[in-house]
Amino acid sequence: MRKWERIDFLGCLLMLGASILVVFALESAGTRYAWGSAAIVGSLAVGSMAWGGFVGWEVWVERKQKESGRQEPIFPMRLLKSRVLAGMLL
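Presented here is an overview of the structure given in this document. Just so we're clear, the structure is a prediction, and the values are computed from it rather than from any experiment.

**A look at the packing of aromatic side chains**
The description of an aromatic ring pair uses the distance of the two centres, along with the angle that the planes make with each other.
Alright, step 1. With the rule as written, the count across this model stands at 4 aromatic pairs.
Alright, step 2. Between Trp-4 and Phe-9, the aromatic rings sit 6.3 Å apart at their centres with planes inclined by 10°, giving stacked as the arrangement.
Alright, step 3. Ring centres of Trp-51 and Phe-54 lie 5.7 Å apart, and the angle between their planes is 85°; this geometry places the pair in the edge-to-face category. Taken together, the residues Trp-51 and Phe-54, both in helix 3 (residues 38-68) and 3 residues apart, mark about one turn of the helix.

**Quick look at a nonpolar patch on the surface**
Alright, step 1. Nonpolar side chains collect at one region of the surface, where Trp-4, Ile-7 and Phe-9 lie side by side and expose about 330 Å² of accessible area between them.
Alright, step 2. In this fold, Ile-7 is placed in the loop between helix 1 (2-5) and helix 2 (9-28).

**Section: the environment of Val-61**
Alright, step 1. Turning to its location among the elements, Val-61 is positioned in helix 3.
Alright, step 2. With 24 residues separating them along the chain, Val-61 and Leu-85 place their C-alpha atoms 21 Å apart.
Alright, step 3. With residues near it in sequence (within four places) discarded, Val-61 still touches Asp-8, Gln-71, Glu-72 and Pro-73.

**Details of the pattern of salt bridges**
Alright, step 1. Enumeration over the complete set of coordinates arrives at 2 salt bridges.
Alright, step 2. Close ionic contact of Glu-72 with Arg-6 constitutes a salt bridge, the shortest N to O distance being 1.8 Å. On the criterion of sequence distance, the pair formed by Glu-72 in the loop between helix 3 and helix 4 (83-89) and Arg-6 in the loop between helix 1 and helix 2 is long-range, its members being 66 residues apart.
Alright, step 3. Accessibility expressed as a relative area gives 42% for Arg-6, which makes it partly exposed.
Alright, step 4. In this structure, the salt-bridge partner of Arg-78 is Glu-62, at a minimum N-O distance of 3.3 Å. Of the two residues, Arg-78 is situated in the loop between helix 3 and helix 4 and Glu-62 in helix 3; the sequence distance between them amounts to 16 residues.
Alright, step 5. Residue Arg-78 is classed as partly exposed on the basis of its relative accessible area of 49%.
Alright, step 6. Take Glu-62: its relative accessible area is 10%, and that puts it in the buried class.

**Digging into the environment of Pro-76**
Alright, step 1. In this fold, Pro-76 is placed in the loop between helix 3 and helix 4.
Alright, step 2. The spatial distance from the C-alpha of Pro-76 to the C-alpha of Leu-26 is 27 Å, given a sequence separation of 50 residues.

What counts, and at which threshold
- Residues numbered from 1 in each chain as written.
- Predicted model: local features only at pLDDT ≥ 70, side-chain atom pairs only at ≥ 80, totals over all residues.
- Heavy atoms only, no water.
- Phe/Tyr/Trp six-rings, centres within 6.5 Å; stacked < 30°, edge-to-face > 60°.
- Helix = DSSP H or I, 4+ residues; strand = E, 2+ residues; numbered from the N terminus.
- Patch = residues over 30% accessible without salt bridge, like charges linked within 9 Å, V, L, I, M, F, W, Y side chains within 5 Å.
- Areas by Shrake-Rupley, 256 points an atom, 1.4 Å probe, with all protein chains shown as cover.
- Salt bridge = Lys/Arg side-chain N within 4 Å of Asp/Glu carboxyl O.
- Contact = heavy atoms within 4.5 Å.
- Buried < 20%, exposed > 50% of the residue type's maximum accessible area, 1.4 Å probe, protein only.

Next up, the structure:
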């Protein structure tokens, strides 16, 4: 059970949802739906909010992990302190 406590389930859901919504909007815009349609604008808006929530959650989990050491973030924000790695990810 201790291994299950270390998994960041909310981070997984936020990242997966944000990725799916943004990819859906970018692939469907202009072909299946118009760029100004509610499906595209809504997907981009909710996907952007999910990405923001994901970043905020990962920062919070990383700070909490330093104190308790229980849960591990999916994407540790300390990786972005390296300019080379941040440039590659960008």
